[in-house]
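Single-letter residue listing:
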Amino acid sequence: MSIAVIGGGIAGAALAWRLRLLDPASDITLFVGHHSVRGDATGASGGMVRGFETDAESCVAATESLAELVASPVLRDWADYREVGSHYVLEPGDVDVAALASIVEAGLPGSLTWSAVEDLSEPCPLRGLPQGAVAVVERQGGYFSPHRLRTSITSELLRSRVVVSQEPVTGVRPDGTLQGVDRVHAGGFRAVVVAAGAWTPHLLLDRDPAADGFRTKAIQYVRCPVAPPGLGAFTDETSGLYGRPLADGGFLLGVPTQRWGVDPDGVGVDPSLIGTLLDVVAERLGLTLNPSGLEGFGSADCYHREPGLALRDLERASPVYTFTGGSGGAAKTVLAASRTAAARLLDRVATGHAGGSQAQR
Ligand SMILES: Cc1cc2nc3c(=O)[nH]c(=O)nc-3n(C[C@H](O)[C@H](O)[C@H](O)COP(=O)(O)OP(=O)(O)OC[C@H]3O[C@@H](n4cnc5c(N)ncnc54)[C@H](O)[C@@H]3O)c2cc1C
């Protein structure tokens, strides 16, 4: 069977790789576009990984992904994985931490501990946290390079006879016709998966992105030359601050943006958000940063009203699917999400795309 995957970010590359592993006989084409010259999410990603997530489905996917990563010397090398530990801080009572922690414990035994911040066995490097805030600490959390992982996977795809094409797909119709590619390919695929991140809504012709649940959003961070001592990867939901060490001794720091609906080809950096970031960094890390020493990065990701990287049907009986919607966090779930998506896609192709409109992670 012939399958087209559109998008050479980590989502598309991982999906094509899983398809090839599951069905060595299938004919797969990965359309990669021009990610080397566009600042895609995979190239900009902080790559922070942990098992803990605040909804059970994402927690399962993140835990399975991290368990696969830490257990595989090949993937650790492909992804340049750094096990620097992870702190995740949240308001008390927001979620059932015990239930979510048990998901992580099942997949990564002994990695996670959690408690009120004031009861941690080692002092939390973050300051000024609200009374009763809960810290989830993961020994096996850290970060990897999504860009290096997609590059490694793409090289592996070429070795395993997947066609990696730079033909510019300009649109996909619900009947599976591709616009912008040669006539042989245009209507010749049994299934088409649009995995083009923030470009996905634009590529789906004759569709209303809002009705499909997709929106783009900017994500930005700064690289600063100093690293706060004792801190690995961290996310502080009580202030929005997140960050992780950089291999060169510096630190990546960010706070969430509210820039929705951005054009992924022109995201840029919002300077006003850097002011907010400096205030939060002073409060939570006790650091006074000089803005002139900071380097800002911005990119966009594709968000979905039901967040999570998942294979989604476009419409009943259509051969077109999407594999996006990671909503700012797909690096940590991509290994599990791509395995689930590939199995489901092969099943759907085998049954003639029977089934309703739904997502499955
Ligand atoms: C700044 C930033 C920091 C992040 N940090 C983290 C983090 O710390 N941890 C975490 O878990 N997640 C993080 N994320 C989220 C995660 O990185 C993304 O969810 C993930 O990389 C999305 O991958 P993707 O393949 O779906 O999209 P992308 O990486 O954007 O890839 C889409 C690809 O499609 C290609 N494309 C577009 N149009 C076409 C076309 N017509 N034909 C062919 N190809 C096309 C693009 O060129 C691009 O290469 C971050 C995201 C951003 C933006």
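Every value quoted in this text rests on a predicted model; they were computed, and no experiment measured them. (Residues numbered from 1 in each chain as written. Predicted model: local features only at pLDDT ≥ 70, side-chain atom pairs only at ≥ 80, totals over all residues. Heavy atoms only, no water.)

On to the domain arrangement of the chain. According to the domain assignment, the chain consists of domain 1 (2-43 + 146-213 + 306-360), domain 2 (57-72 + 82-142) and domain 3 (215-304). Taken residue by residue, the interface counts 19 residues in domain 1 and 11 residues in domain 3. For the domain 1 and domain 3 pair, buried surface summed over both sides reaches about 1300 Å², with 52% attributable to carbon and sulfur atoms. It is Ala198, Gly213 and Ser327 in domain 1 that bury the most area against domain 3; as a group they hold 34% of the surface buried on that side. Connecting domain 1 to domain 3 are 0 salt bridges. Linking domain 1 to domain 3 there are 11 residue pairs in polar contact (both at pLDDT 80 or more). (Domains from an automatic or database assignment. Contact = heavy atoms within 4.5 Å. Buried area = accessible area lost by both parts, 1.4 Å probe. Salt bridge = Lys/Arg side-chain N within 4 Å of Asp/Glu carboxyl O. Polar contact = N/O pair within 3.5 Å; in protein donor to acceptor, adjacent residues only side chain to side chain.)

For the pair helix α1 (residues 10-22) and helix α11 (residues 334-350), the least separation of the axes is 8 Å and the interaxial angle reads 55°. Judged on the interaxial angle alone, α11 and α1 are oblique. In this structure, the crossing between α1 and α11 has a hand that is right-handed. Contacts between α1 and α11 involve Ile10, Ala11, Ala14, Leu15, Trp17, Arg18, Leu19 and Leu22 on the former and, on the latter, Val334, Leu335, Ser338, Arg339, Ala341, Ala342, Ala343, Leu345 and Leu346. (Axes fitted to C-alpha atoms, helices over the stretch in contact; angles between N-to-C directions. Helix = DSSP H or I, 4+ residues; strand = E, 2+ residues; numbered from the N terminus. Parallel < 35°, antiparallel > 145°, perpendicular 65-115°, else oblique. Left-handed = near helix turned anticlockwise from the far one by under 90°.)

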